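Survey of secondary and tertiary structure
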Amino acid sequence: MSQISEYYSQHIGELQNRTKEALQRESIDGLIIHSGQSKRMFLDDNNYPFSVNPQFKAWLPIIDNPNCWLIVNGQDKPKLIFYRPKDFWHKVPDEPSDFWAEHFDIVLLTQANAVEKHLPFDKSKYAYIGEYIEVAKALGFELMNPDRVIHYLHYQRAYKTDYELTCMRQANRMAVDGHKAAKLAFEQGLSEFDINLAYLGAIRQGDNQVPYQNIIALNKHASILHYTQLNPHSPEQQLSFLIDAGATYNGYAADITRTYCPQENLFSELIAAMHKVTLSLAEQLKPGLAYGQVQLQAHQQIAGILEQFGLINLHAEQALEEGIVSTFFPHGIGHFLGLQVHDVAGHVSDDRGTPLPAPAEHPFLRTTRTIEAKQVFTIEPGLYFIDSLLAELKSSNQSKFINWNIVDKLRPFGGIRIEDNIIVHRDKNENMTRELGLN
């Protein structure tokens, strides 16, 4: 705990420096960051699960308490207005006393609508940072989520502090435990629903605590990139299992994917080949390289697999020229990872938000920035047999280049995705996922 406290102190210092620079650019006095509010379900008396403002949890690990506020100016000790209502219906948050509390002047708020007395009287030189614009207007704010401030803070979030890296290593540790439990549940013949329960039990988090809805896909369901249905019944035959699932620690995410096959066959050989692709691409993450170059390398290596395993009847280079690879690998090679699973500012070239969009031939690439030290990425190549995309390919002029008998044999297996979480250092890469024992 002493180390994380030390790292957290440095983290606050870095956020103070970033805030000071952002405020100077906008010529304003401070930011007032809202954790958010609970949202009532339509025509109901229950709320949706609360999701905290990422700009708020960048400062402190309060991820489950709405109606909190931060007042920061980059110089003075930040002020935290901590919501602690009198409530016998729900659990009331404990008074802050954790390692982070000493870094804030803390005021307790018992009524959410009484926050104004704790905010600056003159708000003309303060910016509201949050989702609830009508609330901000009612409180007298004129400046809300200013673009130049948001662009700068988002851009800087790509550079992780030692505290953030510590949190992300712990999130990976938890997720690795979950993946191991899920693999065992698959080997026991359990359903998607029950595999998900095994995963959540291992990481000790619920469906509303994990950073995204777990993808637990058996057999052909693995061809659906964001499959989240969780069939409660086990299939008659288990051909394959794809799990894309993460965990959170202090608000930071892990995002890991593995694919398994219970038999030794062509599909299991493809899985082994895709592991090699993931490891090869992870090694290519180097400071100074454009992340888009890794996407191009992924297409080249997957084209090689298509040729090697006889899915196509032309050379890999020709498959690239014909654009065939995108049918089997339609998404981007990865993304920034951090406070959000798909962390921000991947498509800008500088801290002023100058757009750097994904290339037309790779529209789903989530990051185009130049790779730098202390950035964290996912690397997640895939190889899928998606009926709708295969139908388009079969009706095109490129159909003659496909060995459809092999493709049709692989369709029932769905697809493969292998995803690791990588910290880029100046002189090495740290594969958090592999170093924690998930191969």
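Just above sits the structure.
What counts, and at which threshold
- Residues numbered from 1 in each chain as written.
- Predicted model: local features only at pLDDT ≥ 70, side-chain atom pairs only at ≥ 80, totals over all residues.
- Heavy atoms only, no water.
- Helix = DSSP H or I, 4+ residues; strand = E, 2+ residues; numbered from the N terminus.
- Buried < 20%, exposed > 50% of the residue type's maximum accessible area, 1.4 Å probe, protein only.
- Contact = heavy atoms within 4.5 Å.
- Phe/Tyr/Trp six-rings, centres within 6.5 Å; stacked < 30°, edge-to-face > 60°.
- Lys NZ or Arg CZ within 6 Å of the ring centre and 35° of its normal.
- Pairing = 2+ DSSP bridges.
- Expected span 1.5 Å × (residues − 1).
- Salt bridge = Lys/Arg side-chain N within 4 Å of Asp/Glu carboxyl O.
- Axes fitted to C-alpha atoms, helices over the stretch in contact; angles between N-to-C directions.

Okay, the side chain of His103 next. Position of His103 relative to the elements: it lies in the loop between β3 (79–83) and β4 (105–109). Owing to a relative accessible area of 15%, His103 belongs among the buried residues under this scheme. In this structure His103 touches Tyr8, Ser9, Ile12, Lys77 and Pro78, once residues within four positions along its chain are discounted.

This part is about the packing of aromatic side chains. The geometry of an aromatic ring pair is captured by the separation of the ring centres together with the interplanar angle, meaning the angle of the planes. Applying the stated rule across the entire model yields 15 aromatic pairs. Between Tyr163 and Tyr252, the ring centres sit 6.2 Å apart and the planes meet at 85°, which makes this aromatic pair edge-to-face. With Tyr163 in helix α5 (residues 162–187) and Tyr252 in strand β9 (residues 252–260), the pair connects residues that are 89 residues apart, well separated along the chain. Residue placement shows Lys394 over the ring face of Trp404; its charged tip is 5.0 Å from the ring centre.

The next thing to look at is the sheet that holds strand β5 (residues 126–129). If you trace the six strands from one edge of the open sheet to the other, you get β4-β3-β2-β1-β5-β6, paired in mixed fashion. Taken across any chain shown, the strands that pair with only one partner, and hence form the sheet edges, are β4 and β6 (143–144). Across five bridges, β3 lies against β4 in parallel orientation. Its bridge partner being in β4, Phe82 is matched across the sheet by Leu108.

In this section: helix α1 (residues 2–26). Along an α-helix, a turn takes 3.6 residues, which lines up residues three or four apart on a common side. A rise of 1.5 Å per residue sets the reference length of α1, with its 25 residues, at 36 Å; its end C-alpha atoms lie 36 Å apart and thus fit the reference within 8%. Following α1 by one or two positions, Ser27 has its phi on the positive side, about 55°.

All right, on to the pattern of salt bridges then. If you walk through the whole model with that rule in mind, you get 18 salt bridges. Between Lys160 and Asp343 there is a salt bridge, and its shortest N-O distance comes to 3.6 Å. Taken together, the residues span a long stretch of sequence, with Lys160 in the loop between α4 (147–156) and α5 and Asp343 in the loop between α10 (325–328) and β10 (375–379) at a distance of 183 residues. Exposure remark for Lys160: the relative accessible area of 3% places this residue in the buried category. With its nearest N and O atoms 2.7 Å apart, the salt bridge here joins Arg434 to Asp420. Here Arg434, found in helix α13 (residues 432–435), pairs with Asp420, found in strand β13 (residues 420–424); they are 14 residues apart in sequence, far enough to count as distant. Accessibility classification places Arg434 together with Asp420 in one group, the buried group. Taken together, the shared-partner salt bridges in this structure form one network comprising Lys220, Asp387, Asp408 and Arg411.

Let us look at the sheet that holds β10. Taken in spatial order, the three strands of this open sheet run β10-β13-β14, and their pairing is antiparallel. The open sheet has two edge strands, β10 and β14 (429–431), and neither has a second partner. Sheet twist, expressed as the mean angle between neighbouring strand axes with direction ignored, is 25°. Where β13 meets β14, three bridges bridge the pair, whose relative direction is antiparallel. Within β14, the position partnered with Ile422 by the bridge is Asn431.

On to α4, then. Val149, Ile150, Tyr152, Leu153, Tyr155 and Gln156 are the residues of α4 that are buried. The inward-facing, buried residues of α4 abut α1, β1 (30–34), α2 (54–57) and β5.

A separate point is unusual backbone geometry. The phi torsion of most residues other than glycine is negative, and most of the peptide bonds are trans. One non-glycine residue, Asn67, adopts positive backbone phi at about 65°. Of note, Asn67 is situated in the loop between α2 and β2 (69–72). Here Lys374, not a glycine, exhibits a phi torsion of approximately 70°, which is positive. As for its position among the elements, Lys374 is in the loop between α10 and β10.

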